[in-house]
Amino acid sequence: MKQKKLLRTNAEIYNNMAHEFRTPLTNIKLATSLLSKDPANPGNAKFLDIINKENARLIQQVERVLHIARLENGDYALKNESLNVKTLLQTVMEEMQMQIEEKKAIVSLQQIPEAFEISGDRQHLTNVFRNLIDNALKYSELSPVIDITATAERDGILIAFADNGIGIRASTSRLM
């Protein structure tokens, strides 16, 4: 039983990591492609900056894998901190700007109050938001339109993502 659980956990980790590596690698590929088209253009500094940032993200992901490996030893702990919802979402959108532009997508933050703060692990929440936007970009047949909202609820803040993608069948979404 314990070994099956460990194998299942390892499979989930590898699946998550594969997804996490895909986004920065896609951005690096797009940036280098644009750079190679006109190496004499001084505007390429923007793309080089993107490459550097995406490489830094890859290094962070490798560090996360190492931390997760420590999980078995009880050495791993989430870094719980106070985070501004709007700032965190804006940062994710900035990091994904090339993908958003490539898909001719419209991503908007719908009236998210500046005062909304949540407590959590920055890296994990960033990954969740990035995955939701990435999936909306991938699974939209038309130019993607993604609306992100945050509302105060009795027990916290509800952050919702709505898009014009193909969606998930009701029978599948009940299993999640």
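Here, every reference points to the structure presented above.
An account of the accompanying structure is given in this report. (Residues numbered from 1 in each chain as written. Predicted model: local features only at pLDDT ≥ 70, side-chain atom pairs only at ≥ 80, totals over all residues. Heavy atoms only, no water.)

Let us now look at the overall build of the protein. Helices and strands together make up the secondary structure of the protein, namely six helices and five strands. Here the protein holds 176 residues, and 31% of them are scored as buried. Put simply, of all contacts in the protein between residues at least 6 apart along the chain, 73% involve residues at least 24 apart. (Helix = DSSP H or I, 4+ residues; strand = E, 2+ residues; numbered from the N terminus. Buried < 20%, exposed > 50% of the residue type's maximum accessible area, 1.4 Å probe, protein only. Contact = heavy atoms within 4.5 Å.)

Moving on to the nonpolar core. Ranked by size, the top nonpolar core spans 20 residues in total, and within it V85, I112, I133, L137, I146 and I148 carry the most contacts. For this core, the elements supplying multiple residues, two or more each, are α3 (85–95), α5 (122–138) and β4 (145–153). Of all the elements, α3 adds the most residues to this core, at five residues. Residues in contact with V85, not counting those within four places in the same chain, are I112, F116, I118, A150, I157 and I159. Core analysis: the next-biggest nonpolar cluster, separate from the first, contains six residues, A31, L35, F47 and M98 among them. (Core = buried A, V, L, I, M, F, W, Y, C linked by side-chain atoms within 4.5 Å.)

With that out of the way, let us pick up the pairing of strand β5 (residues 156–163). Taken together, the eight bridges between β4 and β5 define a ladder with antiparallel strand orientation. By the bridge assignment for β5, T149 is matched with A160. Between the antiparallel neighbours β4 and β5 lie two residues. (Pairing = 2+ DSSP bridges.)

The next thing to look at is the environment of I112. Tracing the backbone through its elements, the reader meets I112 in the loop between β2 (106–110) and β3 (117–121). By relative accessible area, I112 is classed as buried at 3%. C-alpha of I112 to C-alpha of T149: the two residues are 37 residues apart in sequence and 6.2 Å apart in space. With sequence-adjacent residues up to four places away left out, I112 is seen in contact with V85, K86, L89, I148, T149 and A150.

Before going further, it helps to spend a moment on the sheet that holds β2. Overall, mixed pairing links the three strands, which are arranged β2-β4-β5 in an open sheet. Each edge of the open sheet carries a strand with a single partner, namely β2 and β5. Within the sheet, the average angular offset between the axes of one strand and its neighbour, ignoring direction, is 15 degrees. Sheet strands touched by α5: β4 and β5. Its angle to β5, the strand with the most contacts, is close to 20 degrees. (Axes fitted to C-alpha atoms, helices over the stretch in contact; angles between N-to-C directions.)

Quick look at the packing of α3 against α5 now. Angle between the axes and distance between the axes: these two values describe a pair of packed helices. Two elements in contact, α3 and α5, have axes whose closest approach is 10 Å; the angle formed by their N-to-C orientations is 55 degrees. Here α3 lies oblique to α5, going by the angle between them. Pair α3 / α5 crosses with right-handed handedness. Residue-level inspection shows L88, L89, V92, M93 and E95 of α3 in contact with α5, the latter providing R122, L125, T126, F129, R130 and I133. (Parallel < 35°, antiparallel > 145°, perpendicular 65-115°, else oblique. Left-handed = near helix turned anticlockwise from the far one by under 90°.)

Below, the discussion takes up unusual backbone geometry. The phi dihedral of K104 is positive, around 55 degrees, even though this residue is not glycine. Here K104 is to be found in the loop between α4 (97–102) and β2.

Tracing the sequence through the fold places T126 in helix α5. Residue contacts for T126: discarding those within four places in its chain leaves L88, V92 and E95.

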